[in-house]
Every structure is written in structure tokens, then in C-alpha cells.
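Take a look at the letters that make up each chain.
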Amino acid sequence: MQKPQLIKLGKIVNTHGIKGELVVRLYNQDDSILDDGVEICLIDPATEQTQQKIAIEQIRFGNKVLVRFPGITSIELAEKLVNFEIAVKRDQLPECAEGEYYLADLIGLEVFDFDSGKKIGVVAKVTSTYQDIITILAEDGIDSWDVPLKSGLVREVNVQEKKIVIHRPVYI
């Protein structure tokens, strides 16, 4: 599997006020490259396709992340963007420090059982909500399982070697 060229950073979850501002929930609250003037892609939740490329007119960080886009000047226009995801091109992101990785880089990595060393499957998808979840597609290509990316289960993530080692949950 090829690394995605667009990296999802957050989701538009609501409108704010009547002049077109939007509330964004960032997937990584601690670090964001989003700033005034940064070009982003809006991804349609229904099709998972890039709907529009647009530069951020204004972004404010506080209790909520509030974003304004050019041309979105009313609540009616803003409502049409609720549930869209915000993404940037991979080359807009800074390089990761040693031992760090972007969640999107996990897609396509092989997953191995810590105890037996056997391959369980391949990461097919990463879901980032309040807890990061990897979807593992089994070797047979039919079964799949969602596994939380937490320290009790995940023993090793090595993007360079294209593998993840986990304690196999009982349901796999």
C-alpha cells in the first residue's frame, strides 16, 4: 500500500455564529501546522474525495478551534461544510523526529503477534477519534479487527521496517 498523499488533520464539527466561522476538532490537539494562509483540502465525508482546495483565511485556537474560509460568509454556507475533513499535502508536514510517525504512515504496515512472531495481517485503516484505532486486515483478506493503539497492546511500531508488533487480543 502506498502512503497517502493527503494527511487528515481534523474534522469540521459545527458552525460558530452567523458569519460563516466553523468549529474544527483537530485529531492531534498538541501540534498543528494550521495557520492563516495555509492551503488545505476539504474532504467530502460521503465520497472520501477531495471536494475543494482552499486557504485558511483565519484560524483561532482556544477552547475551540475556529476557522474562517474565504467566501464562507454566512451560517448557511458554513453548514454545508460540517462533517468535512481537513487535510494537507504530505509535503506540507514537518519531518518526524526519531521514534515518531504520522498515523497515516501506519497504513500498509504488517502486523505481527508479539508472543508467536506470526504475521496477523496488514494495517488497512487508521481511525483517529478520542483513541487511535488501527484496522487490521487478516491474511485471508476476509476478516478484519479494530485494535486500539495503546501501550498495553502495541509493543513496537517500526515504520522503516514496515511492521507493528502487538500483544494479540483474545478476539483475534
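Here, residues in each chain are numbered from 1, in the same order as that chain's written sequence. Reporting in this predicted model follows two pLDDT cut-offs: at least 70 for local features of residues, and 80 or more for side-chain atom pairs to be given and counted; totals over whole chains, interfaces and linings ignore these cut-offs and use all residues. Neither water nor hydrogens contribute to the side-chain values; these are computed over all heavy atoms in the structure.

1. Re the overall build of the protein
Test applied: In this description a helix means any DSSP run of H or I spanning at least four residues, a strand means any run of E spanning at least two, and both kinds are numbered starting from the N terminus. Only protein chains enter the accessibility calculation, which uses a 1.4 Å probe; a residue is then buried when its area is under 20% of its type maximum, exposed when over 50%, and partly exposed in between. Any two residues whose heavy atoms approach within 4.5 Å are treated as being in contact. With residues, only the protein chains shown are counted as cover, and all accessible areas are computed by Shrake-Rupley using a 1.4 Å probe.
The secondary structure content of the protein amounts to 1 helix and 13 strands. The secondary structure elements of the protein, listed N-terminal to C-terminal, are β-β-β-β-β-β-α-β-β-β-β-β-β-β. Projected onto the principal axes, the alpha-carbon positions of the protein cover approximately 60 × 35 × 30 Å. Residues counted as buried form 38% of the 172 residues belonging to the protein. Long-range pairs, those at least 24 residues apart, make up 50% of the contacts in the protein between residues at least 6 apart in sequence. Just so you have it, the protein exposes about 10200 Å², and 47% of that area is on carbon and sulfur atoms.

2. As for the environment of Leu34
By the element assignment, Leu34 lies in the loop between strand E2 (21-26) and strand E3 (39-43). Spatially, the C-alpha atom of Leu34 lies 19 Å from that of Ala97, the residues being 63 residues apart in sequence. Setting aside anything within four residues of it in sequence, one finds Leu34 in contact with Leu9, Leu26, Ile40, Ile56, Ile59, Phe61 and Val88.

3. A short note on the sheet that holds strand E13 (residues 163-166)
Basically, it comes down to this: Whether two strands pair comes down to DSSP finding at least two bridges between them. Only the stretch in contact is used when a helix axis is fitted, and all axes are lines through C-alpha atoms; the angle between N-to-C directions ranges over 0 to 180 degrees.
The strand order E11-E10-E9-E8-E13-E12 describes an open sheet built from 6 strands, whose pairing is mixed. The open sheet has two edge strands, strand E11 (144-148) and strand E12 (154-158), and neither has a second partner. Sheet twist, expressed as the average angle between the axes of neighbouring strands with direction ignored, equals 30°. In this sheet, E11 lies alongside strand E10 (residues 132-138) in antiparallel orientation, the contact comprising 5 bridges. If you follow Ile133 over to E11, its bridge partner there is Pro148.

4. Thoughts on the sheet that holds E2
Taken in spatial order, the 7 strands line up as E4-E3-E7-E1-E2-E6-E5 in an open sheet, and their pairing is antiparallel. Whereas interior strands pair on both sides, the edge strands pair on one side only; in this sheet they are strand E4 (50-55) and strand E5 (58-60). Strand-to-strand, the axes of this sheet are offset by a mean angle of 35°, without reference to chain direction. Of the pairings in the sheet, the one linking E5 to strand E6 (residues 65-68) comprises 3 bridges and is antiparallel in character. Within E6, the position partnered with Arg60 by the bridge is Leu66.

5. Let's talk about the pattern of salt bridges
Side-chain pairs of opposite charge can arise where the charged atoms are in close proximity. Rules: Any carboxyl oxygen of Asp or Glu that lies within 4 Å of a side-chain nitrogen of Lys or Arg is treated as forming a salt bridge with it.
Under the definition given, this model contains 6 salt bridges. Between Glu110 and Lys119 there is a salt bridge, with the nearest N and O atoms lying 2.9 Å from each other. Take Lys119: its relative accessible area is 30%, and that puts it in the partly exposed class. Notably, a salt bridge pairs Glu161 with Lys163, separated by 3.9 Å at the nearest N-O pair. One salt-bridge network, in which partners are shared between bridges, spans Lys8, Glu48 and Glu85.

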